[in-house]
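The residues making up each chain are set out below.
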Amino acid sequence: MSWANWLLGNALDAPVVEITLGGFTVQAEAFILQKGQRLRFTQPFNGARAYLAAPGGFDAPDVLGSCATVVREELGGVDGFGKALAEGGRLAYSGVGGALKGLNDPGLPAKAALDVIVGAQIGQFSGQSLFDAFNTDWALDSRADRMGMRLLGTPLQYQGPSLISEGIPLGAIQVPPDGQPIVLLNDRQTIGGYPRLGALTPLSLARLAQCLPGETVRLAPVVQQTAHQQHIDFLKRFTTT
């Protein structure tokens, strides 16, 4: 999303269309393209999601600080009521296009290494579980959506007391009783009572979102200061050229 907006000179958080696993076609009605031309996304060559940006961002009302489409709660999106894009729908934008910038390939490594800022319950998992968590592969389950992605591997054993439900941040890694971690995403619940390994950094969360079911990932612990600096360095890439 950041790369697509940067190419057009938009703010990095300007509204875009997120295209998951292809199957998406739009027909141009703008003067820059010939009317009737179509842009079709069939299936990804790399990663799971593509991003379609327009000058200034697509027109969408701001609902609770975001224009993201949340179908379950009927919030956001083009109409403001969480309706998914459908055949015959219309996308509009009011920005003026300029010269496209050159693109440096952001690149997607063959295997995703996901940085984790460890959480308060990290010391209450067994020593073997901590070794397994950060030294073995995790496969992505097909049971995944914008609420969360399940990781399949050696079950982790929590040895601490029962927890009172607490606030859940974006990227939190919860471990339910079956020992299979769940990474919570944008449509997650607001609170939860499962123990947590920690939370993925923003960059690692974005990398995870490009993984397909069945792919394997590795988790790596990182301190908060390092993660913060990595994010600052990433954002600098959009201001230096």
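These remarks concern the structure in this document. (Residues numbered from 1 in each chain as written. Predicted model: local features only at pLDDT ≥ 70, side-chain atom pairs only at ≥ 80, totals over all residues. Heavy atoms only, no water.)

## Structural notes on the pattern of salt bridges
Working step 1: On inspection of all chains with the given rule, the structure shows seven salt bridges.
Working step 2: Linking Arg146 and Glu18 is a salt bridge whose minimum nitrogen-to-oxygen distance equals 4.0 Å. Residue Arg146 is found in the loop between strand 6 (138-144) and strand 7 (148-152), and its partner Glu18 is found in strand 1 (residues 17-20); the two are separated by 128 residues along the sequence.
Working step 3: According to the relative accessible area criterion, Arg146 is partly exposed, its value standing at 29%.
Working step 4: We note a salt bridge from Arg196 to Glu166, for which the minimum N-O separation is 2.6 Å. (Salt bridge = Lys/Arg side-chain N within 4 Å of Asp/Glu carboxyl O. Helix = DSSP H or I, 4+ residues; strand = E, 2+ residues; numbered from the N terminus. Buried < 20%, exposed > 50% of the residue type's maximum accessible area, 1.4 Å probe, protein only.)

## So, the sheet that holds strand 10 (residues 182-184)
Working step 1: Reading around the circumference, 5-12-9-10-7-6-13 is the order of the seven strands in this closed barrel, with mixed pairing throughout. The sheet shows a mean angle of 40 degrees between the axes of neighbouring strands, taken without regard to direction.
Working step 2: Sheet topology places strand 6 next to strand 7; three bridges connect them, and they run antiparallel. Counted as the bridge partner of Ala139 is Leu152 from strand 7.
Working step 3: Taken strand by strand, helix 2 (residues 127-135) contacts strand 5 (112-118), strand 6, strand 12 (196-200) and strand 13 (216-221), and its axis lies near 120 degrees from that of strand 13. (Pairing = 2+ DSSP bridges. Axes fitted to C-alpha atoms, helices over the stretch in contact; angles between N-to-C directions. Contact = heavy atoms within 4.5 Å.)

## Quick notes on the packing of aromatic side chains
Working step 1: This structure, assessed with the given rule, holds seven aromatic pairs.
Working step 2: Here Phe24 and Phe41 contribute two aromatic rings whose centre-to-centre distance is 6.2 Å and whose plane-to-plane angle is 50 degrees, an arrangement assigned as tilted. Within this pair, whereas Phe24 is found in strand 2 (residues 24-27), its partner Phe41 is found in strand 3 (residues 38-41), the two being separated by 17 residues in sequence.
Working step 3: What makes Phe41 partly exposed here is its relative accessible area of 22%.
Working step 4: For the pair Phe58 and Tyr93, a centre-to-centre distance of 6.2 Å together with 85 degrees between the ring planes defines the contact as edge-to-face. (Phe/Tyr/Trp six-rings, centres within 6.5 Å; stacked < 30°, edge-to-face > 60°.)

## Quick notes on helix 2
Working step 1: All buried positions along helix 2 are accounted for by Ser129, Asp132, Ala133 and Phe134.
Working step 2: Structurally, helix 2 contributes buried residues whose contacts are with strand 5, strand 6, strand 12 and strand 13.

## Re the nonpolar core
Working step 1: Membership of the largest hydrophobic core comes to 23 residues, with the highest contact counts inside it found for Val183, Leu197, Leu200 and Leu219.
Working step 2: Where this core is concerned, the elements lending two or more residues are strand 5, helix 2, strand 6, strand 7, strand 12, helix 3 (202-208) and strand 13.
Working step 3: Sorting elements by how many residues they give to this core places strand 5 first, with three residues.
Working step 4: The contact partners of Val183, leaving out residues within four places of it in the chain, are Met147, Gly148, Met149, Leu151, Gly171, Ala172, Ile173, Leu200, Leu205 and Leu208.
Working step 5: In terms of nonpolar packing, the next biggest core, distinct from the first, is built from six residues, Val17, Ile19, Phe24 and Ala54 among them. (Core = buried A, V, L, I, M, F, W, Y, C linked by side-chain atoms within 4.5 Å.)

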